[in-house]
Amino acid sequence: MRPEKGGTGGRGVLTAIGVVLTATAITAVGGRARAVPTPDTQPSSSAPPDVSSTPAPSAAADAPAPPTDPAAPTEPEMRSTSDRAVAYTLSAELFPETHTVRGSGSISWRNTARVATDRLYVHLYLNAFKNERTAFWRVPVSGFRGDPLNSPGRIEVDRFFVREFDRDLWQKDAHTPGDPDDATDIEIVLPRPVEPGESLTVDMSWTSHLPTVTIRTGYLGSFHMVAQWFPKLARLEPDGTWAHFPFHRMSEFYADYGTYDVTVSAPSSFVVGAVGSLASQITAPPSQVAPAPTAAPSATESASAPPETPKSTQEAPLNTVRRFTATDVHDFAFSAWDKFQTLEDKTANGVKIICLYPPGYDEAARIEIDAVKFGLGYMGAAFGVYPYNTLTIVHPPNGAEEAGGMEYPTLITTGGSWRTSGIIQTRERVILTLHELAHQWFYGLVGSNEHRFPFLDEGLTSYAEMEACEAKWPDASAAELFGLRVGMPAIYRAGALESAQNARVSDGAAICGRSRLRLPCVLTFRRHHAYSRQRFRSRSRAPRCWKIRPSLPIFTPHRR
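Residues numbered from 1 in each chain as written. Predicted model: local features only at pLDDT ≥ 70, side-chain atom pairs only at ≥ 80, totals over all residues. Heavy atoms only, no water.

S.K.: Please give an account of the overall build of the protein that cites residues and values.
M.R.: Within the protein one finds 14 helices and 25 strands. Within the span of the protein, comprising 560 residues, buried residues form 54% of the whole. For the protein, the share of sequence-separated contacts (at least 6 apart) that also reach a separation of at least 24 residues comes to 77%. (Helix = DSSP H or I, 4+ residues; strand = E, 2+ residues; numbered from the N terminus. Buried < 20%, exposed > 50% of the residue type's maximum accessible area, 1.4 Å probe, protein only. Contact = heavy atoms within 4.5 Å.)

S.K.: Would you mind going over the pairing of strand S7 (residues 199-209) in detail, with residue names and values included?
M.R.: Most of S7 is tucked away, with 10 of its 11 residues classed as buried. Where strand S2 (residues 100-110) lies against S7, 11 bridges are found, and the strand directions are antiparallel. Its bridge partner being in S7, tryptophan 109 is matched across the sheet by leucine 200. As judged from the eight bridges shared by strand S4 (residues 154-162) and S7, these two strands associate in the antiparallel manner. Residue valine 162 lies in a different strand from S7, and its bridge partner there is valine 202. (Pairing = 2+ DSSP bridges.)

S.K.: Go over the sheet that holds strand S18 (residues 341-346), please, and point to the residues and values.
M.R.: Judged by pairing direction, the sheet is mixed, and its five strands sit side by side in the order S18-S19-S20-S22-S21 without closing on themselves. Of all the strands in the sheet, the pair left with one neighbour each is S18 and strand S21 (406-408). When the angles between neighbouring strand axes are averaged without regard to direction, this sheet yields 15°. Bridging between S21 and strand S22 (residues 411-413) involves three bridges; their strand directions are antiparallel. Within S22, the position partnered with methionine 406 by the bridge is threonine 413. Contacting S18, strand S19 (352-357), strand S20 (390-394) and S22, helix H6 (residues 362-383) runs over the sheet at an angle of about 150° to S19. In this fold helix H7 (residues 428-438) packs onto S20, S21 and S22, with an angle of close to 145° to the strand it touches most, S22. (Axes fitted to C-alpha atoms, helices over the stretch in contact; angles between N-to-C directions.)

S.K.: An account of the side chain of threonine 207 is needed here, citing residue identities and associated values.
M.R.: Within the element layout of this structure, threonine 207 appears in strand S7. Within polar-contact distance, the side chain of threonine 207 engages the side chain of arginine 102 at 2.8 Å. (Polar contact = N/O pair within 3.5 Å; in protein donor to acceptor, adjacent residues only side chain to side chain.)

S.K.: With reference to specific residues and values, describe the packing of helix H9 (residues 458-472) against helix H10 (residues 488-497).
M.R.: Where H9 meets H10, the closest approach of the two axes is 9 Å, and the angle between their N-to-C directions is 145°. Of the residues in H10, those in contact with Ser462, Glu465, Met466, Cys469 and Glu470 of H9 are Met488, Pro489 and Tyr492. Residue composition of the contact of H9 with H10, by class: five nonpolar, one polar and two charged. (Nonpolar A, V, L, I, M, F, W, Y, C, P; charged D, E, K, R; others polar.)

S.K.: Tell me about the pattern of salt bridges, and name the residues and values.
M.R.: In this structure the tally under the stated criterion is 19 salt bridges. The shortest N-O distance in the salt bridge between arginine 138 and aspartate 179 comes to 2.6 Å. With arginine 138 in helix H3 (residues 135-138) and aspartate 179 in the loop between strand S5 (167-168) and strand S6 (185-194), this residue pair connects regions lying 41 residues apart in the sequence. Across the pair lysine 352 and glutamate 344 runs a salt bridge whose closest N-O atoms are separated by 3.6 Å. Judged by relative accessible area, lysine 352 falls into the partly exposed class, the value being 31%. Residue glutamate 344 is classed as partly exposed on the basis of its relative accessible area of 44%. Counted as one network, the salt bridges with shared partners bring together Asp345, Arg366, Asp370 and Lys373. (Salt bridge = Lys/Arg side-chain N within 4 Å of Asp/Glu carboxyl O.)

S.K.: Provide a residue-level description of H7, including the pertinent values.
M.R.: Most of H7 sits out of view: 11 of its 11 residues are buried. Taken together, the buried positions of H7 are occupied by Glu428, Arg429, Val430, Ile431, Leu432, Thr433, Leu434, His435, Glu436, Leu437 and Ala438.

S.K.: Outline the packing of aromatic side chains, supporting the account with residue identities and numerical values.
M.R.: The tally for this structure, following the rule as stated, stands at 22 aromatic pairs. Note on phenylalanine 129 and phenylalanine 136: the rings are 5.3 Å apart at their centroids and 70° apart in plane angle, and the pair reads as edge-to-face. For the pair shown, phenylalanine 129 and phenylalanine 136 are each scored as buried. The rings of Tyr88, Trp206, Trp229, Phe230, Tyr260, Phe332 and Phe334 are connected pair by pair, giving a single aromatic cluster. Just above the ring of phenylalanine 374 sits the side chain of lysine 472; from NZ or CZ to the centre is 4.8 Å. The ring of tryptophan 473 is capped by lysine 472, whose NZ or CZ atom sits 5.6 Å from the centre of that ring. (Phe/Tyr/Trp six-rings, centres within 6.5 Å; stacked < 30°, edge-to-face > 60°. Lys NZ or Arg CZ within 6 Å of the ring centre and 35° of its normal.)

S.K.: I'd love a proper account of the sheet that holds S7, names of residues and values included.
M.R.: Across the sheet, eight strands lie side by side as S5-S4-S7-S2-S1-S13-S16-S15; this open sheet has mixed pairing. If you trace the sheet from one side to the other, it starts and ends with S5 and strand S15 (277-283), each paired once. Here S15 pairs with strand S16 (residues 320-329) via six bridges, running antiparallel. Bridge assignment links threonine 283 to a residue of S16, and that residue is threonine 320.

This is how it looks when you write it as structure tokens:
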């Protein structure tokens, strides 16, 4: 995601470290990533996920391997699938009038650790927006995203029934361990330890109340970005420790890979985009719509409790049901709006690109699709082929910028004005799109724990974004200003200069880059970033940057 409203150059010291370290590492193993651009990537099969079946080899695995130097050490072959430790089968009913989602379904989880575990941890990240006492709101980060809420959000769990124990293990008023004011990281103590390789199946029901649009999720009018909306299991590491943590501004999401089979019900006037591929779509009155794929209750449970009447039939007709499936991913989100326009395209190798955007943004949508087509080919050659058969772009409407600049598996959100031309030719829309696309590798496929190692997510992603932009527009990857060419390395240098408290990192980031422009040009570009100009309404960073180190190479043109 874009961690800061202020623009590309203000991502902070961790991003600069990631860029520098990554550039050094890639150079050490044989050159720059942008030296190997290739055509578009090959998609994987779109068959519905089956966690119990043996995965078929991918198209990439069937392709003949390039000749190698027999004297050189060979790298281990990349696996064609993930461990698939979890399988989510969920049903979501969106009620736009009340901005709520009624959820139900099941989680099948397998202990992949080397030791037994006697507990589970469940993330209820929507509770971060419950009130001003949560961990998210108690620890503000200057300049970071997350606008004040006009309406709070929360998630209420009604049922957490573990079949193997034949009981509901959810505790009322559950909260984060050691923090009664936060309820984003819930501990579930099990009746007995679960041994390595043993599986549990959890049947759940819950209600999610979306906040007004804030960081990564929320609603604006009838626009809904539905993220962090379901109870999600934390990841159990191989040594038996749980990687669990409350929802913080500077942390994103770390979880097991698996399969998702999700049905989304919404009024027929709404267009829905989601993680994964659209497997089916049914439009009919509620009584004629086939039930969502939910888990069957146990014998004890069905005998002791009568079936519940679905709330959807009590409130409003939700007569369009879309089923989305995704395999080898670690999250699921969707967006729904009754004003979405749709533009579709396909790469030469069959990856379907879908862009959902506001009315009047046709040219912007075309630019974003073209950026994705270029990025899939370039980054696929540099970091490995994109293994999914779809990529969905969601461009939020004006006023919902906080829902933009975010990544989920096979789904990214962008942002910015409909304006695509002017005297100053900036590339903020392409940069933002390529940045979020790069997250499909760094977080998406690598699956790093950003909570512990932030630079492995935003740092590597920023590096990939910069390399892709430089490959397409050498030395003018950020903007062209009245004949002056602005490169992305200069943008990162400007961000490094802001970190005066760590001059050694700042100097290193500035000196190792390259540029043909002066600082005022960089600041001009930053003011026109796709996200927000709010940061520059109150203060200018030019005087402070100028006083830090006027002799740095950013202030004088130099050759590559």
